[in-house]
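What follows is the residue order along each chain.
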Amino acid sequence: MTSTTALAPAGEDTAEQIEREISEIVSIYSRLYPTQQLNFVFYAGKDPVWSAPSVIEGPFTFQPGHVNADFLGQRVRPGIHPGAPVVTVTVSIPRKPLPNELKQMDAPWAPTSRLRRLYRLSPLLYESVRYQAEMVRKRRADRLHPKVSLMRGDGSPLLPVPQPPASDKRPAILIGMHWLEVGGAEKLGFDTVQWALEAGLRVFVAASVPSIQRLADRLPDHPDLTFLRLDRYLPHHLWPRYVENLARAENIRLIHIHHCRPLYESLPQIRANLPWIKVIDSTHIVEYSDGGFPRSSGVWSNFIDIHHVISRELVDYYRDNFHVIGKVRLGRMLNGEAGDAGRTVLPEPNLRPGKTHLQVAFVGRLYYQKRPVLVVEALRALAAWAGRNGVELSGKIVGEGPFLDAVRALLQRYGLADRVALLPANSPVSEILERSDILLLPSNNEGLALVCYEAVERGCIPISTDVGSQDEIVPQDLLVPLEPRACVKGIVGAVDRLWRDPAFLSRQAEALARCWSAIARDPTARQVLMPVYRDAAGLGD
Amino acid sequence: MVALNKTAAVIVTFNRSAKLMKVLDALDRQTLRPDVILVVDNASTDDTRSLVEARARDDLSIRYLGLPRNIGGAGGFHQGLKAAYRLGAHYFWVSDDDAYPEPDAIEKLVQAISGFEAQNEWRPSFACSRVEWIDGTLCEMNTPRPVWDWPRFLLPEGGWALVDSASFVSILIPRWAVEQHGLPIADYFIWFDDAEYTRRLSRSYPGIFCPESRVIHDTPDNRGVNFSLVDEKSLWKFKYGARNEASWRRRESGLVGVLAYAYGVHRQMRDGHVPWKMRWQILRAIARGYAFRPGIESV
């Protein structure tokens, strides 16, 4: 594996770090400008992730600001001949990240200053205001972010169509990711890297968002894998030309986009100059504010060969908004045909009617999307319910993120700290779910939360907000409204009924089994994508 | 040979899934198959969506535009043409969900429109097929209207008649005409939307009637559009037709045009012995049409 700035060796000294970064910068810009003379002007960066590059094509004149206090020096990469045009790249060498930055880039969450008092008075009321704001954004989204696919001409048969150059290199794939951090889309991105290598493709990975890329060390250590640090060194507007040059030089036959905006923006260049390249994208969740990546994907639909989606909601989304059906492929993010645990039957629910000790779990990143504040509010309401019914309640919150401190403080404030444990993200989720009766997922939005699927396999009953494709895995009676107060009330109501009414519990268990089986019958992402990868590798049937 | 000939078929449908499937079968058999087949579903309540979805899974050219509510044929053609335009097509073959084109129908239309341009330098604003009823006779309701010099390019060795009005049953519209004249008027809901649109397109240059391109229109009966035929069952459609044409007449020739139209309609109803109760409703629709001023949306 090459280009591993994300995996800076421990104890690396400054000179080594600068030299390593420079060599990656020179490598990227040499790909972009293979024949020109490249003048690099280096600065000491103040940012740990972004190099703030600026490219000047043509003569460059130094101004006083160019030789400032951060000026490190220059380096020249000669052109193909002495008279080659000159391109100047001014670029900062990102500083080493601090230990706290390595752990968590997002600052701890705090309510906006205008609503701080409201939050102190009632976190639930604060959530309600935030929910209303979200719904306003949702209503405006259609007007502000139209769902119209960009037009694409196929060209005339009167003019020649570009043909792939002869290459002695094995076919390659470019996999574009949002970033290499924790997330559902990223999990699939890592899986596809593995599958592409298995299919015999050489793999190039790039991320669009500058970041520490903490999970870069999870990329397979494989000679056919290259992680390109475009996120760190290349402005988005230069991606299209870079991708074209990379594709020509490395015999790229397939591009797979996982929430990678500059790769979408590179598609016109690819379609015009490299029409033989097949393009796939994978999408997960429709965002309220602007439709998120499914909308972007739909807008670029005429430039994309296959839309891989993880839920039926997204199948319908593409049909209803972008009129496409045939090239949308549903592939679940599951490992096997009978579920991740390879089961064919489900265990009985851990919850029994009238049980005297209930354990409630939450598993997820502590970001607003998962509404951790509402998780605590629901636990508070459940604790009150448990007190009234002589039930001993305990909770486990598994996850990390900017809301961690706020969740801890709320648990203290509500007197739940002794009953609700905060566990790190790498805790054994399967074991926790096996010992839990209820899984709470009061998310603001979801694609299809796989943790619900896993919960069902462990006998833990999920209760979720009715968002995204959650109705595919959670029965109607266990779906609660999105509005925060109704959500908390709905959770308590559902738990009460499950605990009190054996017939209801039995019906829900049957409904969960039906949902689980239906999802298990659908093709997996691997089953959908692997044939495409194998085709690109020249191993198709 | 034309430089750019991406063709999109636009089919508007409502609760006629069996007939729609026959249309899709007929499109499958075309010698010049459209690059895109856009099915505009006017919120059908039958199995239209599932049948189209099943086909579209294997046929990438099929696209499905499901409208949230029934906005009439006019609305459907408006939305369909707009969507097809955005797909970058150069020709739009527009038709109903109960019209089955003969295998060479679309190819003949494309050949006619490009042949006419090559031979005569003028570019027709549309080309329409000969629409036949299921028994092979001319379909009365889909008879195009010729212009005064209609035989100008109709020569002993062949050629095409010039027309300025045709129905949305197997009509081929070039992209430039949509760019120049905009979209059909969605607010018409039903009836006269095709006549208004083709007359609007004809401002640039008339269309051509291509009898070599044939299509079978599978309607329950073969009746023309004449106000002597108004009855209880068809009254609602005639009211839309009267309102829409009156609106168009006002736009084109003012009050005098509307009065002349009203007189003509009155005479037809009188000759057909249409009951006075219905006559009044039609005349009121014409009066409404005088005040009805829908906008024209450009692309």
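This text goes with the structure placed above it.
What counts, and at which threshold
- Residues numbered from 1 in each chain as written.
- Chains lettered and ligands numbered in written order.
- Predicted model: local features only at pLDDT ≥ 70, side-chain atom pairs only at ≥ 80, totals over all residues.
- Heavy atoms only, no water.
- Buried < 20%, exposed > 50% of the residue type's maximum accessible area, 1.4 Å probe, protein only.
- Helix = DSSP H or I, 4+ residues; strand = E, 2+ residues; numbered from the N terminus.
- Pairing = 2+ DSSP bridges.
- Core = buried A, V, L, I, M, F, W, Y, C linked by side-chain atoms within 4.5 Å.
- Contact = heavy atoms within 4.5 Å.
- Polar contact = N/O pair within 3.5 Å; in protein donor to acceptor, adjacent residues only side chain to side chain.
- Buried area = accessible area lost by both parts, 1.4 Å probe.
- Salt bridge = Lys/Arg side-chain N within 4 Å of Asp/Glu carboxyl O.
- Axes fitted to C-alpha atoms, helices over the stretch in contact; angles between N-to-C directions.
- Right-handed = clockwise from strand over helix to strand, strands pointing away.
- Lys, Arg positive; Asp, Glu negative; His and termini not counted.
- Phe/Tyr/Trp six-rings, centres within 6.5 Å; stacked < 30°, edge-to-face > 60°.
- Lys NZ or Arg CZ within 6 Å of the ring centre and 35° of its normal.

## Observations regarding the pairing of strand β10 (residues 161-165) of chain B
Residues and elements named next belong to chain B. Where burial is concerned, most of β10 is hidden: 5 out of the 5 residues are buried. One ladder, built from 2 bridges, connects strand β7 (residues 145-146) with β10; its direction is antiparallel. In the strand pairing of β10, P146 is matched with V163.

## Thoughts on the nonpolar core
All names here are of chain A. Within the largest apolar cluster, 73 residues are counted, with the highest numbers of intra-cluster contacts made by I397, I438, L439, I491 and L498. In terms of residue count, the dominant contributor to this core is helix α12 (residues 372-388) (10 residues). Beyond its immediate chain neighbours, meaning those up to four positions away, L498 contacts L351, P353, I438, I461, I463, L478, F504, L505 and Q508.

## A look at the environment of R526 of chain A
Residue and element names in this part refer to chain A. Note on placement: R526 falls in helix α18 (residues 525-536). When the C-alpha atoms of R526 and L334 are compared, they prove to be 8.4 Å apart, with 192 residues separating the residues in sequence. Ignoring any residue separated from it by four or fewer positions in sequence, one finds R526 in contact with W195, E198 and P531. A polar contact is formed between the side chain of R526 and the side chain of E198, at a distance of 2.9 Å.

## A closer look at the interface of chain B and chain A
Residue-level contacts link 18 residues of chain B with 17 residues of chain A. Carbon and sulfur atoms supply 59% of the area that chain B and chain A bury against each other, a total of about 1,600 Å² over both sides. At the boundary of chain B with chain A, the tally comes to 2 salt bridges. For K6 of chain B, the salt bridge is made with D154 of chain A, and the minimal N-O distance between the two is 3.7 Å.

## Quick notes on the sheet that holds strand β5 (residues 172-177) of chain A
Residues and elements named next belong to chain A. Pairing in this open sheet of 7 strands is parallel, and the strands run β7-β6-β5-β8-β9-β10-β11 from one edge to the other. Among the strands making up the open sheet, the edge pair consists of β7 (225-228) and β11 (328-330). Shown here is a sheet whose adjacent strand axes are inclined to one another by a mean of 20 degrees, direction ignored. Relative to strand β6 (residues 202-207), β5 runs parallel, the two being bridged by 6 bridges. Counterpart to M177 in the pairing with β6 is A207. Its contacts with the sheet put helix α5 (residues 184-198) on β5, β6, β7, β8 (252-258), β9 (278-283) and β10 (306-309), and the angle it makes with β5 is roughly 170 degrees. In the packing of α18 onto the sheet, contacts are made with β5, β8, β9, β10 and β11, and the angle to β8 comes to roughly 155 degrees.

## Describing the pairing of β9 of chain A
Residue and element names in this part refer to chain A. Extensive coverage of β9 is indicated by the burial of 5 of its 6 residues. Where β9 and β10 come together, 4 bridges link them in parallel fashion. Residue T283 lies in a different strand from β10, and its bridge partner there is V309. The parallel pair β9 and β10, bridged by helix α10 (residues 292-299), forms a crossover whose chirality is right-handed.

## What about the side chain of D41 of chain B?
All names here are of chain B. One can find D41 in strand β2 (residues 36-41). One buried charged residue, D41, remains without a salt bridge, the closest side chain of opposite sign being R49 at 6.8 Å. Beyond its immediate sequence surroundings of up to four residues, D41 is in contact with T13, T48, R49, Y64, L65, G66 and L67.

## Focus on the packing of aromatic side chains
Applying the stated rule across the entire model yields 30 aromatic pairs over all chains. Relative to Y126 of chain A, the ring of Y119 of chain A lies with its centre 5.4 Å away and its plane at 80 degrees, an arrangement referred to as edge-to-face. The pair formed by Y119 of chain A and Y126 of chain A is uniform in burial state, with each residue classed as buried. An aromatic cluster is defined as three or more aromatic residues linked by ring pairs; in this entry it consists of F116, W122, F153, W160 and Y205 of chain B. Sitting over the face of the ring of Y85 of chain B, R175 of chain B holds its NZ or CZ atom 3.8 Å from the ring centroid. When the ring centre of F292 of chain B is taken as reference, the NZ or CZ atom of R243 of chain B above it lies at 3.9 Å.

So, to be careful, I would describe these as geometric facts and stop short of saying anything about function.
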